[in-house]
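# Understanding the architecture of this molecule
Here's the letter readout for the chains.
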Amino acid sequence: MEALRRLALATGIPLGMKRAATLERELEGVWDAPLAVGQVSLSTRELSIYYGRTLAVDRVSLEFRKGYVTALIGPSGSGKSTYLRALNRMNDTIPDVRTEGQILYRGVDINRPDVDVRFVRTRIGMVWQRPNPFNKSIYENIAYALRFHGVRDRAELDARVEESLRRAALWDEVKDRLHQSALSLSGGQQQRLCIARTIAVEPEVILFDEPASALDPISTAKIEELLYELKKEYTIVIVTHNLQQAARVSDYTAFFLEGRLVEFAPTREIFTRPKDKRTEDYVTGRFG
Ligand SMILES: Nc1ncnc2c1ncn2[C@@H]1O[C@H](COP(=O)(O)OP(=O)(O)OP(=O)(O)O)[C@@H](O)[C@H]1O
């Protein structure tokens, strides 16, 4: 039970959840249909999020497309992380949070109480700021998540562990030490292992909450290269404080200020000819 509790904390997959399957039924034949690059996989309409009575995100509407990285930027406290966490219902784990408006995954609203958040989090994965591997072997970090999702066959487990590690650009560094503790890896390797663990359950969208802010420059560069590779197959949303990083890795940028979305545009436009004076002041370092 303790192990399951830890898995729930690390992956956001809640315990003891009855599989309501409402969402799976609604999305039958839809969620696993291939999505072309450029199609919207996730969006929000007028999404507002309150902590108690405090409004942290104010009526934000945005669209996230397959094959692209969207960066969420803005000063501290502008609501980026709160918004990101809402996208796979991770705020449900925080007491007193209220979310209004729609979160549409392939056009179906997942911001409803009858939705199985476990299914949501399988489709929409999350990578946290600090690498959080389990205190288990490298292999088990991934196999464990797969078993939780019903994969039992040893050959299939081996193949999916290898494929996930390859996609996370970690295989060559760990293939000879798969059964060593994940905690023996460097911080950057641990973060790529967490990415491999997220990829293993085959999500469509990956949410990154400042994935490189705890890493050294070389590890950061590896994560950025990886984002470039991953975006070919996924829809990626990343919160970053690092404006150069947003400019390097993202295709679209959303600028948040005081809980509101000020501007959303192709990254190049946000950084070279923003429409809003506040965006310009922020990206040129006049505040924040
Ligand atoms: N668990 C919480 N309980 C109460 N208020 C919270 C909680 N988390 C965030 N807030 C508040 O919500 C607002 C938005 O915070 P959030 O962390 O989403 O902003 P952010 O833009 O991601 O900031 P940072 O870049 O510093 O992480 C802030 O006013 C913050 O104090």
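Conventions and cut-offs
Throughout, a residue's number is its position along its own chain's written sequence, starting from 1. Predicted model: local features are reported for residues with pLDDT of at least 70 only, side-chain atom pairs are reported and counted for 80 or more only, and whole-chain, interface and lining totals are derived from all residues. Water and hydrogen atoms were dropped before computing side-chain values, which therefore reflect all heavy atoms in the structure. Helix and strand definitions here come from DSSP, where helices need a minimum of 4 consecutive H or I residues and strands a minimum of 2 consecutive E residues; each element is numbered from the N-terminal end. We call a residue buried when its accessible area falls under 20% of the maximum for its residue type, exposed when it is over 50%, and partly exposed in between, using a 1.4 Å probe and counting protein chains only. Only the protein chains shown count as cover for residues, with accessible areas throughout obtained via the Shrake-Rupley method and a probe of 1.4 Å. Counted as positive: Lys and Arg. Counted as negative: Asp and Glu. His and the chain ends are not counted at all. Note that the charge is assigned to NZ on lysines, CZ on arginines, CG on aspartates and CD on glutamates. Each domain's extent was defined by an automatic or database domain assignment. Cavities and pockets are defined on a 1 Å grid built over the protein atoms alone: a cavity is a set of grid points where a 1.4 Å probe fits but cannot escape, while a pocket is an open set with protein on both sides within 12 Å along at least five of seven lines, and lining residues are those with an atom within 4 Å of any such point. Grid points are joined across faces, edges and corners, and a volume is the space filled by probe spheres set on the points. In this count, Pro and Cys sit with the nonpolar residues alongside Ala, Val, Leu, Ile, Met, Phe, Trp and Tyr, while Asp, Glu, Lys and Arg are called charged and the others, Gly among them, polar. Note on definitions. A residue lies near a molecule or strand when any single heavy atom of the residue is within 4 Å of it. Within 3.5 Å is the distance limit for a polar contact, defined as a pair of N or O atoms, with the added protein rule that one can donate a hydrogen and the other accept it, and that residues adjacent in sequence qualify only through two side-chain atoms.

In this section: the overall build of the protein. Each helix and strand in the protein was counted, giving 12 helices and 10 strands. By its C-alpha atoms, the protein is 55 × 45 × 35 Å across when sized along the principal axes. When the 288 residues of the protein are sorted by exposure, 53% land in the buried category. For the protein, the computed accessible surface area is about 13300 Å², with 49% contributed by carbon and sulfur atoms. The averaged location of the 39 negative side-chain charges in the protein is 2 Å from the averaged location of its 42 positive side-chain charges.

All right, on to the domain arrangement of the protein then. Parsing the protein into structural domains produces domain 1 (1–33) and domain 2 (65–97 + 110–283). Measuring from the centre of the C-alpha atoms in domain 1 to the corresponding centre in domain 2 gives 18 Å.

Counted according to the given criterion, the structure contains three cavities of 30 Å³ or more. Roughly 60 Å³ of volume is contained in the second largest cavity. Residue assignment for the lining of the second largest cavity shows that the elements contributing at least two residues are helix H6 (154–167) and helix H8 (187–200). The leading source of residues in the lining of the second largest cavity is H6, at four residues. Tallied by class, residues from the lining of the second largest cavity come to two nonpolar, one polar and four charged.

Close to the ligand lie Tyr51, Ala56, Pro75, Ser76, Gly77, Ser78, Gly79, Lys80, Ser81, Thr82, Ile94 and His241. The backbone of Gly77 places a nitrogen or oxygen atom 2.8 Å from an oxygen atom of the ligand. Taking 620 Å² as the accessible area of the ligand by itself, protein coverage stands at 60%. Here the element with the most residues in the shell around the ligand is helix H3 (residues 80–86); it accounts for three residues. A breakdown of the residues in the shell around the ligand according to their chemical character gives four nonpolar, seven polar and one charged.

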